[in-house]
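Spelled out, the chains give:
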Amino acid sequence: MVDVLIIGAGPAGLSAAIYVQRSGKKAVCLEALVVGGQIVNTPDIANYPGIKKTSGFEFSKGLYEQATELGAEVEYEKAVSIKKEEDDFRVLTESGKEFTSKAVIIATGAKNRHLGIDKEEALTGHGISYCATCDGAFYKKKDVAVNGGGNTALEDALFLSNYCNKVYIIHRRDEFRGEPDSLEAVKSKENVELVLNSTIDEIKGDTALEAVVVKNKETGELREIPVAGLFIAIGQEPDNKDFEDVALLDKAGYIDAGEDCKTKTPGVFVAGDCRTKSVRQLTTAASDGAVAALAACAYISSKK
């Protein structure tokens, strides 16, 4: 029996663990992959308040050490179900282990959708990014491309146009799903070029991104576009299906919860990118972790 079981040991989960331990209660994190989550793969973090610059690995290492030195534990297990049993919760893992807790925080994050083409993984962090607001400033006065057609892609292009020499928006259709106002703002930028009805056919570069080759879906014509950065904005995928019995999911699979991080089940909370929200950043993940942890501790105290 532990006080708070946290599913996920990324920035939200580890931040929650820190706050649980500082509240005098016991936290255990279940992590299916690696401590730190996706941020581990980010070479440079320069937008976290109070830290001028660090790497994702160093940031995650610091979070882990801070949480464990306070007494939190991390178990490398993938949680597959949460069951309410009287006043407690039983969490089953993929390996068959069971954990019992007084409260649960779901902090599974969300995965960026990938293109699934050669060199994408190898050049992530070396020209390929999934977060323009995180990494855009590193491409000042350079040519970059954004892949996508929704609000995120349009917003990324607008953001990048303030830093970069030129921004290409590569979209597989001739119309955008994003808001009309954002599209008009993009079209008004002289350094933004729309590459429509096109998909990325090839990524070029050995140790760093050098160019993308796009294929026109109507003509089949190939075009090589030299760029230093490629920002992929084709959506994210949460991994919450296993918890739909205790948490309401929206159409995209995110856990429906507000800034209080409460789910439909008392005692079950959510933190970070896996919940419904408009901004998914390192700072908002840490903020959610603190909110969910304090709410979980308050819930436990209210049951005494």
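Refer to the structure above for everything that follows.
Residues numbered from 1 in each chain as written. Predicted model: local features only at pLDDT ≥ 70, side-chain atom pairs only at ≥ 80, totals over all residues. Heavy atoms only, no water.

**Looking at the overall build of the protein**
Looking only at helices and strands, the protein has six helices and 17 strands in total. Taken against the 2.2 N^0.38 rule, which gives 19 Å for 304 residues, the C-alpha radius of gyration of the protein at 21 Å falls within 12% of a compact globule. For the C-alpha atoms alone, the extent of the protein along its principal axes is close to 65 × 35 × 35 Å. In the protein, which comprises 304 residues, the proportion classed as buried is 48%. (Helix = DSSP H or I, 4+ residues; strand = E, 2+ residues; numbered from the N terminus. Rg over C-alpha atoms; globule rule 2.2 N^0.38 Å. Buried < 20%, exposed > 50% of the residue type's maximum accessible area, 1.4 Å probe, protein only.)

**As for the environment of Val34**
In this structure, Val34 sits in the loop between strand E2 (27-30) and helix H2 (56-69). Take Val34: its relative accessible area is 47%, and that puts it in the partly exposed class. Placed 26 residues apart in sequence, Val34 and Ser60 show a C-alpha to C-alpha distance of 9.8 Å.

**Points about the pattern of salt bridges**
Under the criterion given, the structure shown has 17 salt bridges. Between Arg113 and Glu237 there is a salt bridge, with its nearest N and O atoms 3.4 Å apart. Note that Arg113 is positioned in the loop between strand E7 (110-112) and strand E8 (128-129) and Glu237 in strand E16 (residues 236-238), a separation of 124 residues in sequence. Residue classification places Arg113 among the partly exposed positions, given a relative accessible area of 34%. Through salt bridges that share partners, Glu259, Arg275, Lys277 and Asp288 make up one connected network. (Salt bridge = Lys/Arg side-chain N within 4 Å of Asp/Glu carboxyl O.)

**Description of the packing of aromatic side chains**
Given two aromatic rings, one states the distance between the centres and the angle between the planes to describe the pair. Tallied over the full model, the rule gives four aromatic pairs. Between Lys84 and the ring centre of Phe89, over which it is positioned, the NZ or CZ distance is 5.2 Å. When the ring centre of Tyr254 is taken as reference, the NZ or CZ atom of Arg280 above it lies at 4.1 Å. (Phe/Tyr/Trp six-rings, centres within 6.5 Å; stacked < 30°, edge-to-face > 60°. Lys NZ or Arg CZ within 6 Å of the ring centre and 35° of its normal.)

**Quick look at the state of the cysteines**
As enumerated under the stated definition, the model contains one disulfide in all. Bridging Cys131 to Cys134, the disulfide has an S-S length of 2.2 Å. Between Cys131 and Cys134, the S-S torsion sits near 65°, and that sign places the bridge as right-handed. Overall, the relative accessible area of 19% leaves Cys131 in the buried class. For the unlinked cysteine Cys29, the closest cysteine sulfur is that of Cys297, found at 13 Å. (Disulfide = S-S within 2.5 Å.)

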